[in-house]
Amino acid sequence: MNAHHFDTNGRAVAQDPRWARIVARDKTADGQLWYSVLTTGVYCRPSCPSRLANPKNVQLHDTLESARATGFRPCKRCNPEASSAEADHTDVVTQACRLIEESEDIPSLEMLAQAAGLSPGYFHRVFKSATGLTPKAYASAHRANRVRAGLVAGNSVTEAIYDAGFNSSGRFYEQSTRMLGMTPSQYRSGGADEEIRFAVGHTSLGDLLVASSKKGVVSILLGNDPDELVRNLQDRFPKARLVGADRAYEATVARVVGCIENPGIGLDLPLDVRGTAFQQRVWQALQDIPVGDTVSYADIARRIDAPKAVRAVAGACAANKLAVAIPCHRVVRNDGALSGYAWGVERKRALLDREALQDA
C-alpha cells in the first residue's frame, strides 16, 4: 500500500479518539477497530503489546476487512485475525447463564468455572464484569423471576416456590418480601391486599406525587398533570388499594417538597425500593453521590464493579420511580452534557443548578 494513504504528519491519527484507545491498549476495543503500521507492514488489534508505533505511520480501520486490504500481514503478537478475548468471554458468560437457568439447583462457582475452562476466581471476575452481578446473585435473580412468572400465571405459592428451584419454602419466605416487594400471596393477586397511601403536591418544578407502602416511600413522581401522575401510580399498582387525600400523609409530601426546593436538607425517609438485584445495586450507588456532584453512567458501572454494563446502568436509571430520593439526575454523559431524564431534562438541569448552589 502506498504511503500517501497514511496521514504523513500523524496529526489526524493522533487526534482521533480511536488512537487514544490504542495508546491505552484498551482490550474492550478489540473487535471494534484495528490499525496497520507502514514501517512494520503488519496490522494489529488495539490491545497489541508491541511497542507503540508513531501515529504518522499508522492507519486506523473500523473493520478487519479494511485492515486486510492494506496487503499487510497480521501481527503475530496480538493475532488480530482471532476472536478477541472479550468476545470469548461473552460466549463463556452466555453459556454460564444458560447453565444456571437450566439447572434445577444453583450450580457452584467451581462447577461453572470448570464448565467455562477458567479458574474460579477469574471466572467470577469475568462474569461480574459482563453481567454486573456475581454468579450467585444472577442465579438468585433468575429464581426470583421464575417465582414472579409462576405467581402471575396463577400457580399456587407452593408450586411457584418449588418450580423456581427452591428446596424449601422456609428459605424462600426468608427473602420473599425483599424479592417481590410484598408477600407472595399479595403478588399473586396483583397486590390486591396491599395498601398504598398517596398525595399530590406542587413544587416550583411542577406537580409531585408521593406514595408509600407500609415499608416506606415507594414512588416519587414529577410531572405537569396531577391526574396523569395518579394514573401512572394506578398503572404501577393496578390491584392495590390506593388511599388518597389523607391529611396525615401530607406531612410526608411536604418533606419531599422541601428536599426538592432545598436539596441541602436531604430526604430522611424510609424507602421501599423495588427492582431487580442489578437495579438495586445501581440505585444504591446513585444514593452515594454527594449533593452537588455529578458522575457518568460509566462511573456508576465501575463503582458497582460492572464496567461493561453502561447501557444496563442507563436502563436502571430510566426505571427509577423515586425521583430525588434516588438521584438519577446526578448522572450525566461523559462530556458533562445532560442526558435524558424520566421527568424531563429541564427539571434535571434545575435540580443540578440548585444543588450546585447548595454546594458553593
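Each chain has its residues counted from 1, running along the sequence as written. Note on the predicted model: pLDDT of at least 70 is required for a residue's local features to be given, and 80 or more for side-chain atom pairs to be given and counted; whole-chain, interface and lining totals, by contrast, use all residues. With hydrogens and water excluded, all non-hydrogen atoms of the structure serve as input to the side-chain values.

### Here we look at unusual backbone geometry
- Even without being glycine, Asp305 reaches a positive phi, approximately 60°.
- Per the convention used, a helix needs a DSSP run of H or I reaching at least four residues, while a strand needs a run of E reaching at least two, with both numbered from the N terminus. In this structure, Asp305 sits in the loop between α14 (297–303) and α15 (310–318).
- By relative accessible area, which is 44% here, Asp305 ends up partly exposed.
- Non-glycine residue Val324 carries a positive phi angle of around 75°.
- For every residue, the accessible area obtained with a 1.4 Å probe (protein chains only) is divided by the maximum for its type, and the residue is called buried under 20%, exposed over 50%, and partly exposed between those limits. Overall, Val324 belongs to the buried group, its relative accessible area being 12%.

### Some details on the packing of helix α13 (residues 277–287) against α15
- Two elements in contact, α13 and α15, have axes whose closest approach is 9 Å; the angle formed by their N-to-C orientations is 80°. Relative to α15, the element α13 lies roughly perpendicular. In this structure, α13 contributes Phe278, Gln279, Val282, Trp283 and Leu286 to the contact, and α15 contributes Ala312, Val313, Ala316 and Cys317.
- The nonpolar class holds Ala, Val, Leu, Ile, Met, Phe, Trp, Tyr, Cys and Pro. Asp, Glu, Lys and Arg form the charged class, and all remaining residues, Gly among them, are polar. Counted by class, the contact of α13 with α15 contains eight nonpolar, one polar and no charged residues. Think of each axis as a best-fit line through the C-alpha atoms, taken over the contacting stretch in the case of a helix, with angles from 0 to 180 degrees between the N-to-C directions. Oblique is the label for any angle not covered by the other classes, which are roughly parallel (under 35 degrees), roughly antiparallel (over 145) and roughly perpendicular (65 to 115). Contacts were defined at the residue level, with two residues in contact if any of their heavy atoms lie within 4.5 Å.

### Some points on the side chain of Arg347
- Examined against the element boundaries, Arg347 turns out to sit in helix α16 (residues 345–359).
- His is not counted here, nor are the chain ends, while Lys and Arg score as positive and Asp and Glu score as negative. What counts as a salt bridge is simple: a side-chain nitrogen of Lys or Arg found within 4 Å of a carboxyl oxygen of Asp or Glu. No salt bridge is formed by the buried Arg347; its nearest oppositely charged neighbour, Asp207, is found at 6.8 Å.
- Residues within four places of Arg347 in sequence aside, it is in contact with Leu205, Gly206, Leu222, Gly223, Asn224 and Tyr341.

### So, the sheet that holds strand β8 (residues 241–243)
- Pairing between strands is defined by DSSP: at least two bridges between them are needed. Spatially, the four strands line up as an open sheet ordered β7-β6-β5-β8, and their pairing is mixed. Of all the strands in the sheet, just β7 (217–223) and β8 have a single pairing partner and so form its edges. Each neighbouring strand pair of the sheet contributes to a mean axis angle of 25°, computed without reference to strand direction.
- Two elements, strand β6 (residues 206–212) and β7, share six bridges in a ladder whose sense is antiparallel. Note that in β7 the partner of Val210 across the bridge is Ile220.
- Packing against the sheet, helix α11 (residues 226–236) makes contact with β5 (195–203), β6, β7 and β8, and its axis sits at approximately 145° to β7.
- Packed on one face of the sheet, helix α12 (residues 250–261) meets β5, β6 and β7 and runs near 130° to β6.

### Things to note about the environment of Lys136
- Here Lys136 lies in helix α7 (residues 135–152).
- Sequence separation between Lys136 and Pro107 is 29 residues; the distance between their C-alpha atoms is 8.6 Å.

### Let's talk about the state of the cysteines
- Any cysteine sulfur atom paired with another within 2.5 Å is treated as part of a disulfide. Under the defined criterion, the tally for this structure stands at zero disulfides.
- Of all cysteine sulfurs, the one in Cys328 lies closest to Cys317, which takes part in no disulfide; the gap is 5.8 Å.

### What to know about the pattern of salt bridges
- Counted according to the given criterion, the structure contains 13 salt bridges.
- The partner of Glu195 in a salt bridge is Arg241, and the shortest N-O contact between them spans 3.2 Å. Of the two residues, Glu195 sits in strand β5 while Arg241 sits in strand β8, which places them 46 residues apart along the sequence.
- Look at Glu195 and you get partly exposed, because its relative accessible area is 29%.
- A residue is classified by how much of its surface remains accessible, and Arg241, at 44% relative accessible area, is partly exposed.
- Between Asp272 and Arg274 there is a salt bridge, with the nearest N and O atoms lying 2.8 Å from each other.
- On the basis of relative accessibility, which here comes to 2%, the residue Asp272 falls in the buried class.

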